[in-house]
Amino acid sequence: ASSPACRALPGEGSQVQPKAPLLQILRVAGAQEEVFTLKMVMHYLGQYIIVKELYDKQRQHIVHCQDDPLGELLEVESFSVKSPSPVYEMLKKNLLILNG
Ligand SMILES: COc1nc(N(C)C)ncc1-n1nc2c(c1C(C)C)[C@H](c1ccc(C#N)cc1)N(c1cc(Cl)c[nH]c1=O)C2=O
């Protein structure tokens, strides 16, 4: 069901299992795990952005991901780290919550 309740993101402590396309991105950022906390997922996504230099060199809170697998997942060409709703929407679709 995709009712709002079960589409919420888990609390900090809950464990999540990224679906394959997201897990591939986390692997590029160095993730070895299969099961993560939300905080770990955000950390590896951040590392991915920095390592691949997807940020705008002039306006460094802007991420350009139109030509990157991350953009395909986020379904946006770019976004600001200050308004991360595309990130949370993507996570809701790409994380299995293991313990609610
Ligand atoms: C372009 O960004 C940056 N550029 C620089 N330069 C020096 C160029 N330094 C820091 C950041 N930066 N700021 C924030 C974040 C970063 C890095 C780690 C991407 C993270 C973050 C943002 C997006 C995703 C995704 N997909 C994952 C983590 N982030 C967060 C955003 C949210 Cl929503 C939750 N937790 C966070 O840490 C921020 O606010």
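Cut-offs applied
- By convention here, each chain's residues receive numbers from 1 onward along its written sequence.
- The predicted nature of this model means local features are confined to residues of pLDDT at least 70 and side-chain atom pairs, given and counted, to a pLDDT of 80 or more, with totals for whole chains, interfaces and linings taken over all residues.
- Note that water and hydrogens are dropped before the side-chain values are worked out from all heavy atoms of the structure.
- Definition used in this section: a nonpolar core is a set of buried Ala, Val, Leu, Ile, Met, Phe, Trp, Tyr and Cys residues joined via side-chain atoms within 4.5 Å.
- The buried label goes to any residue with under 20% of its type's maximum accessible area, the exposed label to any with over 50%, and the partly exposed label to all in between, with areas taken from a 1.4 Å probe on protein chains only.
- Helix numbers and strand numbers start at the N terminus; a helix is a DSSP run of H or I with at least 4 residues, a strand a run of E with at least 2.
- Contacts between residues were defined by any pair of non-hydrogen atoms, one from each residue, lying within 4.5 Å.
- We call a residue near a molecule or strand as soon as one heavy atom of that residue lies within 4 Å of the molecule or strand.
- The definition of a polar contact used here is a pair of N or O atoms within 3.5 Å, where within protein one atom must be able to donate a hydrogen and the other to accept one, and adjacent residues in sequence count solely through side-chain atom pairs.
- What sets the accessible areas is the Shrake-Rupley method with a 1.4 Å probe; for residues, cover comes only from the shown protein chains.
- Ten residues, namely Ala, Val, Leu, Ile, Met, Phe, Trp, Tyr, Cys and Pro, are considered nonpolar, four, namely Asp, Glu, Lys and Arg, are considered charged, and the remaining ones, Gly among them, are considered polar.
- Note on ring pairs: Phe, Tyr and Trp rings are taken, using the six-membered ring of Trp, and paired if centres are within 6.5 Å. Classes follow the plane angle, with under 30 degrees stacked, over 60 edge-to-face and the rest tilted.
- In this scheme, the term charge over a ring applies when either NZ of a lysine or CZ of an arginine sits within 6 Å of the ring centre and within 35 degrees of the ring normal.
- Working convention: axes come from line fits to C-alpha atoms, limited for helices to the stretch in contact. Angles between N-to-C directions cover 0 to 180 degrees.
- Small angles under 35 degrees read as roughly parallel and large ones over 145 as roughly antiparallel, with 65 to 115 read as roughly perpendicular and the rest as oblique.
- The handedness criterion is simple: a crossing whose near helix is rotated anticlockwise from the far helix by less than a right angle is left-handed, and one whose near helix is rotated clockwise is right-handed.

**Remarks on the nonpolar core**
Inference 1: One finds Leu22, Leu26, Phe36, Val41, Leu45, Leu70 and Leu91 to be the most contacted residues of the largest nonpolar core, which totals 25 residues.
Inference 2: No other element matches helix H2 (residues 38-51), which puts six residues into this core.
Inference 3: Those residues in contact with leucine 91 that lie beyond four places of it in its chain are Leu9, Leu22, Leu38, Val41, Met42 and Leu45.

**Brief notes about the site of the ligand**
Inference 1: Around the ligand lies a shell formed by Met42, Leu45, Gly46, Ile49, Ile50, Tyr55, Gln60, Val63, Val81, Pro84, Val87 and Tyr88.
Inference 2: Between the ligand and glutamine 60 there is a distance of 3.4 Å, counted from a nitrogen atom to a backbone nitrogen or oxygen.
Inference 3: Notes on the ligand: free accessible area 750 Å², of which the protein chains cover 68%.
Inference 4: Elements represented by at least two residues in the shell around the ligand include exactly H2 and helix H4 (85-94).
Inference 5: Residues of the shell around the ligand, tallied by class, amount to 10 nonpolar, two polar and no charged.

**A few points about the packing of aromatic side chains**
How two aromatic rings sit relative to each other is set out by the distance from centre to centre and by the angle between their planes.
Inference 1: Applying the stated criterion across every chain yields a total of one aromatic pair.
Inference 2: A ring pair is formed by phenylalanine 36 and tyrosine 44, whose centres lie 5.9 Å apart and whose planes are at 85 degrees; its orientation type is edge-to-face.
Inference 3: We classify tyrosine 44 as buried; its relative accessible area is 13%.
Inference 4: Between the NZ or CZ atom of lysine 57 and the centre of the ring of tyrosine 55, over which it lies, the distance is 4.6 Å.

**Regarding the environment of glutamate 89**
Inference 1: Examined against the element boundaries, glutamate 89 turns out to sit in helix H4.
Inference 2: With a relative accessible area of 39%, glutamate 89 lands in the partly exposed category.
Inference 3: Here the alpha-carbon distance between glutamate 89 and isoleucine 62, two residues 27 residues apart in the chain, equals 18 Å.

**Some thoughts on unusual backbone geometry**
Inference 1: Unusually for a residue other than glycine, glutamate 53 sits at a positive phi of about 50 degrees.
Inference 2: With respect to the element layout, glutamate 53 can be found in the loop between H2 and strand E3 (62-64).
Inference 3: Look at glutamate 75: it is not a glycine, yet its phi comes out positive at around 60 degrees.
Inference 4: One can find glutamate 75 in the loop between helix H3 (69-74) and strand E4 (78-80).
Inference 5: On the accessibility criterion, glutamate 75 (61% relative accessible area) is exposed.

**Here we look at the packing of H2 against H4**
Inference 1: Where H2 contacts H4, the axes come no closer than 12 Å and their chain directions differ by 120 degrees. Between H2 and H4, the angle is such that the two are oblique. Here the hand of the crossing between H2 and H4 comes out right-handed. For the pair H2 and H4, the contacting residues are Leu38, Val41, Met42 and Leu45 in the first and Val87, Met90 and Leu91 in the second.
Inference 2: The residue makeup of the contact of H2 with H4, split by class, is seven nonpolar, no polar and no charged.

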